[in-house]
Amino acid sequence: MFTRLFLTFFTIFGAVAAGSLVGLPAYAADEIETKAQTCAACHGDAGMPTDPKTTPIIWGQQQSYLVKQLHDYRSGDRDHPIMSQLAKDLPRADDRKISAYFAAKPWPAQPKPAAAAALPKGIAQCQPCHQQNFEGGPPAPRLAGLSYEYLVEAMRSFAKEERTNNGDMPKFMQMLTDSERDAIARYLAAL
Ligand code: HEC
Ligand code: HEC
């Protein structure tokens, strides 16, 4: 009888305690952190996107670049069915805060494909903007460690002027052949 009562008490008390614990993060968390949880569905809750082939890593990406992309998706300068809508739903005033939130996260560690031995042709011209180690700097994004598929598609869409939210990138991409872009994307993905 006593044990049973105790167990009942414990069960109720335990459930309440657990419930309040579960409720706590949403309650106490910063508003931006709550909004960032929406992004985690695709960009990953530990920085690695659920489908890295189509979805870029945003953890540890350059803040100024993230701000600009949210702006561009909203304005239509960069177009993507999902991201354009999400950016329109996000208040403009949050762009900087949510970008700072993701930029401050560590770039996710990932198993590396074997690194290419030699620098692929044409890659030296990327370094003044994307930096020596390809980890980016204002205003150019980090490229090192994005997936081969995402990189090759981003480079192709600049070359074909489907992505036109930057004046320089289409010209640089048009100077390269398909196979040169392919080799550069493979090299960058392995960094
Ligand atoms: C339903 C999936 C999905 C969700 C949710 C999502 N994204 Fe994205 N995001 C994508 C995809 C796919 C791309 C690549 C789009 C393209 O090719 O232009 C992308 C691209 C981006 C980029 C451009 C990065 C780059 O390297 O060019 C930024 C910045 C971004 N997302 C931020 C966010 C933020 C902030 C949120 C939450 C408010 C969010 N995303 C939620 C799928 C998603
Ligand atoms: C003059 C400076 C400059 C040079 C040189 C340059 N880039 Fe860029 N690149 C940029 C900037 C700035 C952006 C961001 C454009 C935007 O606002 O979307 C960018 C964007 C990109 C992206 C898109 C990244 C993403 O997350 O979507 C890829 C891929 C890329 N560059 C590859 C290259 C490669 C490869 C080279 C060399 C062959 C190169 N770039 C040379 C400035 C440069």
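Just so you know, these numbers come straight off a predicted model, no measurement behind them.

Visitor: Sorry, what's going on with the site of ligand 2 here?
Guide: The local shell around ligand 2 holds 22 residues, among which Cys126, Cys129, Ala140, Ala154 and Asn166 are the closest. Listed by contribution, the elements that provide at least two residues to the shell around ligand 2 are helix H3 (63-75), helix H6 (127-130), helix H7 (148-159) and helix H8 (169-174). Each residue belonging to the shell around ligand 2 can be placed in one class, and the counts come to 15 nonpolar, 5 polar and 2 charged.

Visitor: Where do I start with the packing of H7 against helix H9 (residues 178-189) in this structure?
Guide: The description of two packed helices rests on the angle between their axes and on the distance between the axes. The contact between H7 and H9 brings their axes to 8 Å, and the two run at 140°. Comparing their axes, H9 and H7 come out oblique. Remark: the crossing between H7 and H9 carries right-handed chirality. On H9, the residues touching Tyr148, Leu151, Val152, Met155 and Arg156 of H7 are Arg181, Asp182, Ala185, Arg186, Leu188 and Ala189. A breakdown of the residues in the contact of H7 with H9 according to their chemical character gives 7 nonpolar, no polar and 4 charged.

Visitor: Help me understand the site of ligand 1, please; the structure alone is not making it clear to me.
Guide: Taken together, 19 residues form the shell around ligand 1, and within it Cys39, Cys42, Pro56, Gln69 and His80 come nearest. Of the residues forming the shell around ligand 1, the biggest block, 5 residues, is contributed by helix H2 (residues 31-43).

Visitor: Can you help me understand unusual backbone geometry in this one?
Guide: Negative phi characterises most residues that are not glycine, and trans characterises most peptide bonds. A cis amide bond links Pro138 to the next residue, Pro139, at an omega of 5°. Within the secondary structure, Pro139 sits in the loop between H6 and H7. If you check the backbone angles, Phe134 has positive phi at about 60° while not being a glycine. Within the secondary structure layout, Phe134 lies in the loop between H6 and H7. Positive phi values are uncommon outside glycine, yet Glu161 reaches one of about 55°. Along the chain, Glu161 falls in the loop between H7 and H8.

Cut-offs applied
Residues numbered from 1 in each chain as written. Chains lettered and ligands numbered in written order. Predicted model: local features only at pLDDT ≥ 70, side-chain atom pairs only at ≥ 80, totals over all residues. Near = placed C-beta within 6 Å. Helix = DSSP H or I, 4+ residues; strand = E, 2+ residues; numbered from the N terminus. Nonpolar A, V, L, I, M, F, W, Y, C, P; charged D, E, K, R; others polar. Axes fitted to C-alpha atoms, helices over the stretch in contact; angles between N-to-C directions. Parallel < 35°, antiparallel > 145°, perpendicular 65-115°, else oblique. Left-handed = near helix turned anticlockwise from the far one by under 90°. Contact = placed C-beta atoms within 7 Å.

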